Amino acid sequence: MAPRVRFAPSPTGFLHVGGLRTCLFNFLFARSLGGKLILRFEDTDQSRKVEGAEENLIRSLEWAGITFDEGPTQGGELGPYVQSERLELYRQHVDQLVDAGHAYPCFCSEEELTEMREQQLKRKQPTRYDGRCRRLQPGEVTEKLDAGMPYVVRMKIIHSKGDYYIDDQVRGQVRFAPSQIDDQVILKTDGFPTYHLASVVDDHLMQITDVIRGEEWLPSTPKHLQLYEYFGWEPPKFYHLPLLLNPDRSKLSKRQGDVATEDFRDKGYLKEGLVNFVALLGWNPGDEREIFSMDELVKEFSMSRVGKAGSVFDLQKLGWMNQQHIKLKSLEELMELLAPYLPEAAKALPAEQLAKMVEVSRDSLVLLSDIADRLELFLNDQAQVKDPALLATIKTEESKAVYRAFLEEVASLEQLNAENFGQVMKAVQKASGQKGKALWVPMRLAITLVEHGPELPLVADIFGKERCVHMVQRALEAQ
RNA sequence: GUCCCCAUCGUCUAGUCGGCCUAGGACACCAGCCUUUCACGUUGGUAACAGGGGUUCGAAUCCCCUUGGGGAUGCCA
């Protein structure tokens, strides 16, 4: 049977790159096996709802190249795909559990629960609900209910049947003692379900076969399994993915840098770079290849090659990977991608001229946004060399000899281009007596005003004779 | 506090039935080469099986303990 998997974020803001990775694994799993990927919004927490978050999530996912078969925008047979639109469904299932004696109303106040937790901590006991409302007499319950007392519904954890086992597809068998598992709240005072109930009900109703999610869910999986059992449903397979980590190895979070997919996009990362990078966090193809397109990932991906240890999100390597993907782009594609990052002065240039500048600069781009810096030397001929050391280099007698020789040599030339620049430099070497660094560095500084840049002949070609002469003249006159 | 997960170079990782591992690749770093220049490219180098016990002819690989890190412990997801 073709698998059905889902990505179920809560719309509380942006798409976290950890979420992107989880979603990507679901996507690759589904696509590689000819299955379906479903998008579902888990908006059961009213207080955390953020305006526009759903649209934002969808936009980021779309940007990354992840497509869904069913979801809020594409619809599907088993919708609605937004949990706040499924309240009645959850209510029914909670009632069913209560009627069967698998769940019970709990009237404990927040203060009561806090007090209980503190006591348990003090006694070095596990902090979990002690089940006081579980022991309420039926009469007491109806009395409180009739009095309109606010309540939640908790599921029962079974303590008499031994340990709970889960068969995690990436970690193997994991065991939990019932004494450690809480009688989890499944329906809140406001009538909304909690994640635990809603995700189990939806996963079943939406016929999810494989649940691929972050490792933070591992400890609550026994509760989910118990719910499946209470309902008499067959549970899906569970895969708990290792976490993405900050450089200090804590769970990847804001505070220590960007974590929003859109931030990476805005900063000039290619979707191909980001996707390739997160795909390799916790998964590898088994050989030494590292650069993959989305199609290649689909072809190569396998859950059996997913690891168990968390991975640090290393910006340095992400940058390198992004650079590799930039290199893979054709000049036409790159020009289009670069458009948002172009300075005004560049946009004003003839397209052909601009394309030439990009062509000679592109290999050093780590981020698309680096283009502004790389183009600087072409756009700003009024700039001044500020670094004292570089300025000193320009002013030496040796450099001036180079400049004089260059001007003399070029004077008789019709034009200066990439082809004849080498000959000119050879002649300049002879006339000035300078060679190697002593020859090229002063020339580079004079013409581009900076010490790093594309090959000088290529720059000179783009500038043309007139501008080169002008710049060298300026350097010669520098005080 | 309690429970669970994890543990190979600084980082991402290969190592999937223990021998082919004097532990391989990549990023980063360093050096050489290339280009009469920086960069690009290229070649090479530094660098790891957390520690201790077992099991075995043989362990990075299996078991136990210790240590370290992380996660969960919410009427958040």
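What counts, and where the lines are drawn
- Residues numbered from 1 in each chain as written.
- Chains lettered and ligands numbered in written order.
- Predicted model: local features only at pLDDT ≥ 70, side-chain atom pairs only at ≥ 80, totals over all residues.
- Heavy atoms only, no water.
- Near = heavy atom within 4 Å.
- Polar contact = N/O pair within 3.5 Å; in protein donor to acceptor, adjacent residues only side chain to side chain.
- pLDDT = per-residue confidence, 0-100.
- Pairing = 2+ DSSP bridges.
- Helix = DSSP H or I, 4+ residues; strand = E, 2+ residues; numbered from the N terminus.
- Axes fitted to C-alpha atoms, helices over the stretch in contact; angles between N-to-C directions.
- Phe/Tyr/Trp six-rings, centres within 6.5 Å; stacked < 30°, edge-to-face > 60°.
- Buried < 20%, exposed > 50% of the residue type's maximum accessible area, 1.4 Å probe, protein only.
- Lys NZ or Arg CZ within 6 Å of the ring centre and 35° of its normal.

Asks: How should I be thinking about the protein's contact with RNA strand B in this particular structure?
Replies: Contacts to RNA strand B come from 67 residues, most closely from Lys188, Asn284, Glu290, Gly436 and His452. Per the 4 Å cut-off to the protein, sugar and phosphate atoms form 72% of the nearby atoms of RNA strand B. Within the backbone of Leu280, a nitrogen or oxygen atom sits 3.3 Å from a sugar or linking oxygen of RNA strand B. Measuring from a phosphate oxygen of RNA strand B, one finds a side-chain N or O atom of Ser311 at 2.6 Å.

Asks: Sorry if this is basic, but what is going on with the confidence of the model for chain A here?
Replies: On average, residues of chain A score 94 in pLDDT, and 100% of them are at 70 or above. In the predicted complex, the global pTM is 0.95; the interface-specific ipTM is 0.95.

Asks: Just checking my understanding: could you explain the sheet that holds strand S7 (residues 185-187) for this structure?
Replies: Remark on secondary structure: sheet strands pair via backbone hydrogen bonds, oriented parallel or antiparallel. The antiparallel open sheet is built from three strands, whose spatial order is S3-S4-S7. Either end of the sheet is taken by a strand with one partner, and the two such strands are strand S3 (103-106) and S7. When the angles between neighbouring strand axes are averaged without regard to direction, this sheet yields 45 degrees. Across two bridges, strand S4 (residues 152-155) lies against S7 in antiparallel orientation. Among the inter-strand pairings, Arg154 is bridged to a residue of S7, identified as Val185.

Asks: How do you make sense of the packing of aromatic side chains when you look at a structure like this?
Replies: The relative placement of two aromatic rings is captured by the distance of their centres and the angle of their planes. Overall, the coordinates contain 14 aromatic pairs when judged by the stated rule. Seen in terms of ring centroids, Phe231 and Trp233 are 4.3 Å apart; in terms of plane orientation they differ by 20 degrees. Their pairing is stacked. Pair check on accessibility: Phe231 and Trp233 agree, each one buried. Judged by centre distance (6.5 Å) and plane angle (55 degrees), the rings of Phe406 and Phe421 are tilted. Of this pair, Phe406 sits in helix H17 (residues 397-411) while Phe421 is found in helix H18 (residues 421-432), placing the two residues 15 residues apart along the sequence. When sorted by exposure, Phe406 lands in the same class as Phe421, which is buried. Across from the ring centre of Phe107, 5.8 Å away, lies the NZ or CZ of Lys144, which sits over that ring. Residue placement shows Arg467 over the ring face of Phe463; its charged tip is 3.7 Å from the ring centre.

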